[in-house]
Each structure stands twice: as structure tokens, then as C-alpha cells.
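# Examining the three-dimensional arrangement
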Amino acid sequence: VSGTLRYQIVESGEKVLAARNLRPERTLAQHYDPADMAPELIAAHDHLDDLVDRAFGARAICTTEAERQKILFARYGELTAPLFTVAAKGRRRK
């Protein structure tokens, strides 16, 4: 992830916190009640989701959880594959 994108993600996360701080009397459960979520919080999360999608290699904005999960698990596989290769090479038979 580039330094610029990393900075944008952090900044966007801070905007999520700022949106929640607009209504400090609410609990987290109240903030994230789908029937009563504040428009500012929805917008902040949408922007953060877009940035994180890009960070994980999405070519376009993910429109479903399944689409996002597919990208995340594929990226996880790419990042962890070398760990399993090294472990397999290090095994010895007796």
C-alpha cells in the first residue's frame, strides 16, 4: 500500500470516529443500528470501504460483502503463500 493511500485510510478512519462523536450519547449498537444509522456515519464508512477495497486490489468499488470477501481472501492467500512454502521446505523425514 502506498504511503498516500495509507494516509487516506487513516484520515478516513478518523472521519468515521468524528461522525460517531457527533452523537456521543449513542452506544456503538445505536450507531450501527441499520434502521437508524446517521447519514454522516454511513458516508464516512462508504468512503473508508472504497479506500480499503482499493488497498486490497479491487478494480472497482465492491458492491457486496461476498465480493469484498473474495478479494480479501485472495489477497490473504497471496500474502501467506510464502509462509507455507518455507514451512514445507523445512520439514525433514526420519
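Everything discussed here concerns the structure shown above.
Summarised in this report is the structure supplied together with it. (Residues numbered from 1 in each chain as written. Predicted model: local features only at pLDDT ≥ 70, side-chain atom pairs only at ≥ 80, totals over all residues. Heavy atoms only, no water.)

## Some words on the pattern of salt bridges
- Per the stated rule, a full pass over the model turns up four salt bridges.
- In this structure, the salt-bridge partner of Asp53 is Arg68, at a minimum N-O distance of 2.7 Å. Placement of the pair is Asp53 in helix α3 (residues 39-55) and Arg68 in helix α4 (residues 65-90), with a sequence separation of 15 residues. With respect to class, Asp53 is no different from Arg68; both count as buried.
- A salt bridge links Arg68 to Glu65; the shortest N-O distance between them is 3.6 Å. Pair noted here: Arg68 and Glu65 are both in helix α4, with a separation of three residues, about one helical turn. (Salt bridge = Lys/Arg side-chain N within 4 Å of Asp/Glu carboxyl O. Helix = DSSP H or I, 4+ residues; strand = E, 2+ residues; numbered from the N terminus. Buried < 20%, exposed > 50% of the residue type's maximum accessible area, 1.4 Å probe, protein only.)

## Quick look at the nonpolar core
- By size, the foremost hydrophobic cluster in this structure holds six residues: Val16, Ala19, Ala38, Leu41, Ala44 and Leu48.
- Those elements that provide at least two residues to this core are α1 (3-21) and α3.
- Broken down by element, the residue count for this core peaks at three residues, all from α3.
- What Ala19 contacts, discounting residues up to four positions off in sequence, is Glu40, Leu41 and Ala44. (Core = buried A, V, L, I, M, F, W, Y, C linked by side-chain atoms within 4.5 Å. Contact = heavy atoms within 4.5 Å.)

## Section: the packing of α1 against α3
- At a minimum axis separation of 9 Å, α1 and α3 run at an interaxial angle of 160 degrees. On the basis of the axis angle, α1 is roughly antiparallel to α3. Crossing of α1 over α3 shows left-handed handedness. Residue-level inspection shows Leu5, Gln8, Ile9, Ser12, Gly13, Lys15, Val16, Ala19 and Arg20 of α1 in contact with α3, the latter providing Glu40, Leu41, Ala44, His45, His47, Leu48, Leu51, Val52, Arg54 and Ala55. (Axes fitted to C-alpha atoms, helices over the stretch in contact; angles between N-to-C directions. Parallel < 35°, antiparallel > 145°, perpendicular 65-115°, else oblique. Left-handed = near helix turned anticlockwise from the far one by under 90°.)

## Some remarks on α1
- For α1, which comprises 19 residues, the first-to-last C-alpha distance of 27 Å matches the rise-based estimate of 27 Å (1.5 Å per residue) to within 8%.
- Turning to α1, its buried residues number three or more, namely Leu5, Ser12, Val16 and Ala19. Buried residues of α1 fall within an arc of 65 degrees about the axis and therefore sit on the same side. Residues of α1 that are exposed and point over 90 degrees away from its buried face: Gly3, Arg6, Tyr7 and Asn21.
- Buried-residue contacts for α1 involve α3. (Expected span 1.5 Å × (residues − 1). Arc of directions from axis to C-beta.)

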